[in-house]
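Listed below, chain by chain, are the residues.
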Amino acid sequence: MPEMPDAPLMLSVSGARGLVGRTMTPPVAARFAAAYGTYVKRARTIEAPTFCVGRDGRQSGAMLGAAAMAGLTGIGARVIDLGVVATPTVGVMIDRCDADAGLVLTASHNPKPWNGLKCLNGRGVAPPPGEAAAIIEMFRNDDIDWVEVDALRPIEDDPAGDATHIERVLRLVDRDAIARRGFRVVLDSINGAGCRSGRDLLTALGCTVVHLNGEPNGRFAHTPEPIEENLRDLCARVRAEGATVGFAQDPDADRLAVVDEQGRFIGEEYTLVLAALQRLRTLGPGVLAANLSTSRMIDDVAAQFPGCEVRRTAVGEANVAAAMPEDARIGGEGNGGVIVPDVCWVRDSLSSMAIVLALLAEAETPLSAVVDALPRYAMLKRKVDLADAGGRDAIDPALERLAAAYAGERVSTVDGVRIDVADGWVHVRPSNTEPILRIIAEANTVERAEALADEATGAAGL
Ligand code: MG
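Residues numbered from 1 in each chain as written. Predicted model: local features only at pLDDT ≥ 70, side-chain atom pairs only at ≥ 80, totals over all residues. Heavy atoms only, no water.

Peer 1: Before we move on, could you go through helix H9 (residues 269–283) and cite the residues and values that matter?
Peer 2: The end-to-end C-alpha separation of H9 is 22 Å, in line with the 21 Å expected for 15 residues at 1.5 Å each. H9 sits mainly inside the fold: twelve of its 15 residues count as buried. Phi turns positive, to about 85°, at Gly-284, one or two residues after H9. (Helix = DSSP H or I, 4+ residues; strand = E, 2+ residues; numbered from the N terminus. Expected span 1.5 Å × (residues − 1). Buried < 20%, exposed > 50% of the residue type's maximum accessible area, 1.4 Å probe, protein only.)

As structure tokens, then:
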């Protein structure tokens, strides 16, 4: 994403995100955290709620983390500081510590100038849209219940996050069966929050780990989003090492992209599909959840297991998690984010790695063959700057034009507009976290996907 000096503070179901020193400053972090703390106090009627707080490794994390913890302390919360950990590790620790809520300082895959705050509730789930809106309202109105001096508590440190998270992930899979295969794995942790836990997990699974960008110092060695153009070094290294598989985490280690043994970037869409295949083989049919921008492959895999139900949701982890019952098999998004309820309700690159390795340990064939046996579609993802589209106010009328133009087809307006036709689909929606419009199309061929995206953009008048 280009640096946008005028980018606003983005407030959404995904939390708050902004440019450090401009829209994301210590006062903003403290006030947002305090507003969330106040929300939890009132909603749960607890005077001193317990919060687990973690942060990804980016440079601004210590500063904003200190501010956020000060904000929480100031409303009387008991704060457990987890330090630099993966976002899903905070989800795990909320459960382990029996905390009332959590807060993560992260801007996920956004480049270095960005940072943000992500809320998790007592179940370790991002709050659903209604609650997120209430928190934003309280932040905007400075509606905060500060406490007096005798109600302040010292901040506690808990360094057990990584070990606790890894222990849970190991319970998902047959550790010995994976270890017997002696896999060689190249892991690119982009010097992010998943460095230590990612390496330790793979080591515990008996893998030989070639670790790229494995220092959690927040100095991103390449553009962070785990997409093909940013992962060419990883692909080359997988080939050079003769590795079984390559994995790429994003800076807060919730998303995972996978590279096959030939060094082929198989696409972040496949992470959820591969994980779903393994979980359904292991657990049998059940409920799966995926957002509306996720490939049809998930429907095809589910169809192999009669009795499965795929629930489609608005984009955003909170929406996916909200659609998942306690016994859901798996949930996630086509951006490489997979939610495994047995571990936590947050997208988790660690669970994803373990499950993909379990799939490979069970398979008689290399990953490239597993992937080639799956149905294949062409998907394209475009971004349009809101400024180029006429600003945020121009978007709703454009979406209405789009929905009207396709009134005869299957149209969903749950999140932007998604149009399903017999041989493909296109989804147009404003991003929750960036000032852009996303256009995603999928069809049997690239040309058809391009045509669907072009037609939709034309119909919307964009
Ligand atoms: Mg992320």
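What follows continues from the structure just given.
Peer 1: Give me the pairing of strand S4 (residues 78–84): which residues, what numbers.
Peer 2: Most of S4 sits out of view: six of its seven residues are buried. One ladder, built from six bridges, connects strand S3 (residues 50–55) with S4; its direction is parallel. Bridged to Arg-55 within S4 is Val-84. As for the winding sense of the linkage, the β-α-β connection from S3 through helix H2 (residues 61–74) to S4 is right-handed. (Pairing = 2+ DSSP bridges. Right-handed = clockwise from strand over helix to strand, strands pointing away.)

Peer 1: Got a sec to walk through the coordination of the magnesium ion? Specific residues and values, please.
Peer 2: All of the protein donors around the magnesium ion are Ser-108 (OG), Asp-250 (OD), Asp-252 (OD) and Asp-254 (OD); their distances to the metal are 2.0 to 2.1 Å. Along the chain, the residues that donate to the magnesium ion are spaced as S-x141-D-x1-D-x1-D. Accessibility expressed as a relative area gives 0% for Asp-250, which makes it buried. (Donors = N, O, S within 2.8 Å, 3.2 Å for Na, K, Ca; no water.)

Peer 1: Tell me what's going on with helix H3 (residues 87–96), and back it up with residues and numbers.
Peer 2: In an α-helix, one turn spans 3.6 residues; hence positions three or four apart end up facing the same way. Taking burial as the measure, the ten residues of H3 include eight buried ones, the bulk of the element. All buried positions along H3 are accounted for by Thr-87, Pro-88, Thr-89, Val-90, Gly-91, Val-92, Met-93 and Ile-94. Tucked inside the fold, the buried residues of H3 contact S3, S4, strand S5 (101–105), strand S6 (114–120) and helix H5 (161–170). Of the residues flanking the end of H3, it is Asp-98, one or two places downstream, whose phi is positive at about 55°. (Contact = heavy atoms within 4.5 Å.)

Peer 1: Tell me about the state of the cysteines, residues and numbers included.
Peer 2: According to the stated counting rule, one finds zero disulfides in the structure shown. Here Cys-119 stays free of any disulfide, with the sulfur of Cys-52 as its closest cysteine sulfur at 14 Å. For Cys-344, which is in no disulfide, the shortest distance to another cysteine sulfur is to Cys-52 and amounts to 12 Å. Judged by relative accessible area, Cys-344 falls into the buried class, the value being 3%. (Disulfide = S-S within 2.5 Å.)

Peer 1: Lay out the sheet that holds strand S17 (residues 410–412) in plain terms, naming residues and giving numbers.
Peer 2: Read across the sheet, five strands follow the order S16-S20-S19-S18-S17 without closing on themselves; strand pairing throughout is antiparallel. Each end of this open sheet is capped by a strand with a single partner; those strands are strand S16 (378–385) and S17. Put simply, the sheet's adjacent strands are angled 10° from each other on average, direction ignored. Pairing analysis gives three bridges linking S17 to strand S18 (residues 417–421), with the strands arranged antiparallel. (Axes fitted to C-alpha atoms, helices over the stretch in contact; angles between N-to-C directions.)

Peer 1: Let's hear about the sheet that holds S6: which residues, and what values?
Peer 2: Read from one edge to the other, the open sheet built from seven strands follows the order S1-S2-S6-S5-S3-S4-S7, with strand pairing classed as mixed. Each end of this open sheet is capped by a strand with a single partner; those strands are strand S1 (10–12) and strand S7 (156–157). Bridge count between strand S2 (residues 15–19) and S6: four bridges; the pairing is antiparallel. By the bridge assignment for S6, Gly-18 is matched with Asn-115.

Peer 1: Can you break down the nonpolar core residue by residue, with the values?
Peer 2: Soluble globular proteins tend to bury their nonpolar side chains together. By size, the foremost hydrophobic cluster in this structure holds 70 residues, and its most contacted members are Cys-52, Leu-201, Leu-205, Phe-247, Leu-274, Leu-357 and Leu-367. The element that contributes the greatest number of residues to this core is helix H12 (residues 349–362), accounting for ten residues. Setting aside residues no more than four positions away along its own chain, Leu-367 makes contact with Val-245, Val-258, Val-259, Asp-260, Glu-261, Ile-266, Leu-274 and Leu-360. Membership of the second largest hydrophobic core comes to 31 residues, among which are Ala-29, Ala-67, Ile-75 and Ala-77. (Core = buried A, V, L, I, M, F, W, Y, C linked by side-chain atoms within 4.5 Å.)

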